[in-house]
Amino acid sequence: MSATLEQNTKHRFTVEEYLSREEIAECKAEYVDGDIIPMTGGSFKHSVVMSNLGAVICNAIRSTDLIASSSDLKCETGLGTFRYPDLSVINPPPQVAKNRTDVILNPLVDFEVLSTGTEAIERGKKFEEYRSIESLKAYVLVAQDHQSIECFTRQSNGTWNLVFANTGEITIPPLNCSIRVEDVYHKIDFTTIASEQT
């Protein structure tokens, strides 16, 4: 999740400048169109849903060669941007950018837990950027203020097919598995935890 920073229009950062800053920065940032966009802190619900999601996906792919990675690993897209998915699944061997260990080039599935302030970006520009990654076969959006999981899957003709679920199971075709929606929202009480803006 990220928030737009008031940008200095006099300077557009190069990729090299961005990556150098990331090595010493105290907080993570994404890189889009020459701008460095600091990441914001997550809400309670965002954090719990993300933790649950990681546990569910790791368990689902445990018997496979697939690897799940946390939001500490950024993806370089085909449009020259750098994003931090909340969770990625990689089909090994992982491919990293030249001379980097923190930039993955071949995610199979990227997951984003939606936030009120950034949902439009996650559904729009960020999805456009992720679609430019040749290896990416699915993009999964997980709501945090209600039970809803959407899975966009790349088809052989280049289009994307959407399936979604509010209860029961949802299938993630590239992972050859189904996950229970309720497991992703384990210990989230929507009646007592107010909707948060992050």
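Refer to the preceding data block for the structure.
Heads up: these notes are all about the structure in this document. Keep in mind that what you see is a predicted model, and the values were worked out from it rather than measured. (Residues numbered from 1 in each chain as written. Predicted model: local features only at pLDDT ≥ 70, side-chain atom pairs only at ≥ 80, totals over all residues. Heavy atoms only, no water.)

Let's talk about the overall build of the protein chain
(1) Moving on: When helices and strands are counted, the protein chain shows 5 helices and 13 strands.
(2) Moving on: Relative to a compact globule of 198 residues, whose C-alpha radius of gyration would be 16 Å, the protein chain shows 17 Å and is just as compact.
(3) Moving on: Relative to its 198 residues, the protein chain shows a buried fraction of 45%.
(4) Moving on: Restricting to contacts in the protein chain with at least 6 residues of sequence separation, those with at least 24 account for 56%.
(5) Moving on: Of the roughly 10100 Å² of accessible surface on the protein chain, a fraction of 51% belongs to carbon and sulfur atoms.
(6) Moving on: Taking the 18 positively charged and 28 negatively charged side chains of the protein chain as two groups, their mean positions are separated by 2 Å. (Helix = DSSP H or I, 4+ residues; strand = E, 2+ residues; numbered from the N terminus. Rg over C-alpha atoms; globule rule 2.2 N^0.38 Å. Buried < 20%, exposed > 50% of the residue type's maximum accessible area, 1.4 Å probe, protein only. Contact = heavy atoms within 4.5 Å. Areas by Shrake-Rupley, 256 points an atom, 1.4 Å probe, with all protein chains shown as cover. Lys, Arg positive; Asp, Glu negative; His and termini not counted. Charge placed at Lys NZ, Arg CZ, Asp CG, Glu CD.)

Notes on the pattern of salt bridges
Two side chains of opposite charge can pair, provided their charged atoms sit close to one another.
(1) Moving on: As enumerated under the stated definition, the model contains 16 salt bridges in all.
(2) Moving on: For Lys126, the salt bridge identified is with Glu30, shortest N-O distance 3.6 Å. Of this pair, Lys126 sits in helix α4 (residues 125-131) while Glu30 is found in strand β1 (residues 29-32), placing the two residues 96 residues apart along the sequence. Of the two residues examined, Lys126 and Glu30, each falls in the buried class.
(3) Moving on: Where Lys125 meets Asp33, a salt bridge forms, and the shortest distance between an N and an O atom there is 3.5 Å. With Lys125 in helix α4 and Asp33 in the loop between β1 and β2 (35-38), the pair connects residues that are 92 residues apart, well separated along the chain.
(4) Moving on: Of the residues examined, Lys125 reaches a relative accessible area of 34% and is grouped as partly exposed.
(5) Moving on: Three or more residues joined by partner-sharing salt bridges are found here, namely Glu30, Asp33, Arg83, Glu112, Lys125, Lys126 and Glu129. (Salt bridge = Lys/Arg side-chain N within 4 Å of Asp/Glu carboxyl O.)

With respect to the packing of aromatic side chains
(1) Moving on: Scanning all chains against the criterion turns up 8 aromatic pairs.
(2) Moving on: On the numbers, 6.0 Å between centres and 65 degrees between planes, the contact of Tyr31 with Phe82 is edge-to-face. Here Tyr31, found in strand β1, pairs with Phe82, found in strand β5 (residues 82-83); they are 51 residues apart in sequence, far enough to count as distant.
(3) Moving on: Owing to a relative accessible area of 1%, Phe82 belongs among the buried residues under this scheme.
(4) Moving on: Judged by centre distance (5.4 Å) and plane angle (80 degrees), the rings of Phe127 and Trp160 are edge-to-face. Here the residue Phe127 occupies a position in helix α4, and Trp160 occupies one in strand β11 (residues 160-165), the gap between them amounting to 33 residues. Note on accessibility: Phe127 and Trp160 belong to one class, buried.
(5) Moving on: Of the aromatic side chains, those joined through ring pairs into one cluster are Phe127, Tyr130, Tyr139, Phe152 and Trp160.
(6) Moving on: For the cation-ring pair, Lys28 lies above Tyr84, with the distance from its terminal atom to the ring centre recorded as 4.9 Å. (Phe/Tyr/Trp six-rings, centres within 6.5 Å; stacked < 30°, edge-to-face > 60°. Lys NZ or Arg CZ within 6 Å of the ring centre and 35° of its normal.)

Examining the side chain of Gln144
(1) Moving on: Relative to the helices and strands, Gln144 resides in the loop between β9 (138-142) and β10 (149-154).
(2) Moving on: A polar side-chain atom of Gln144 sits 3.3 Å from the main-chain amide nitrogen of His46.
(3) Moving on: There is a polar contact of 3.0 Å between the side chain of Gln144 and the backbone oxygen of Leu114. (Polar contact = N/O pair within 3.5 Å; in protein donor to acceptor, adjacent residues only side chain to side chain.)

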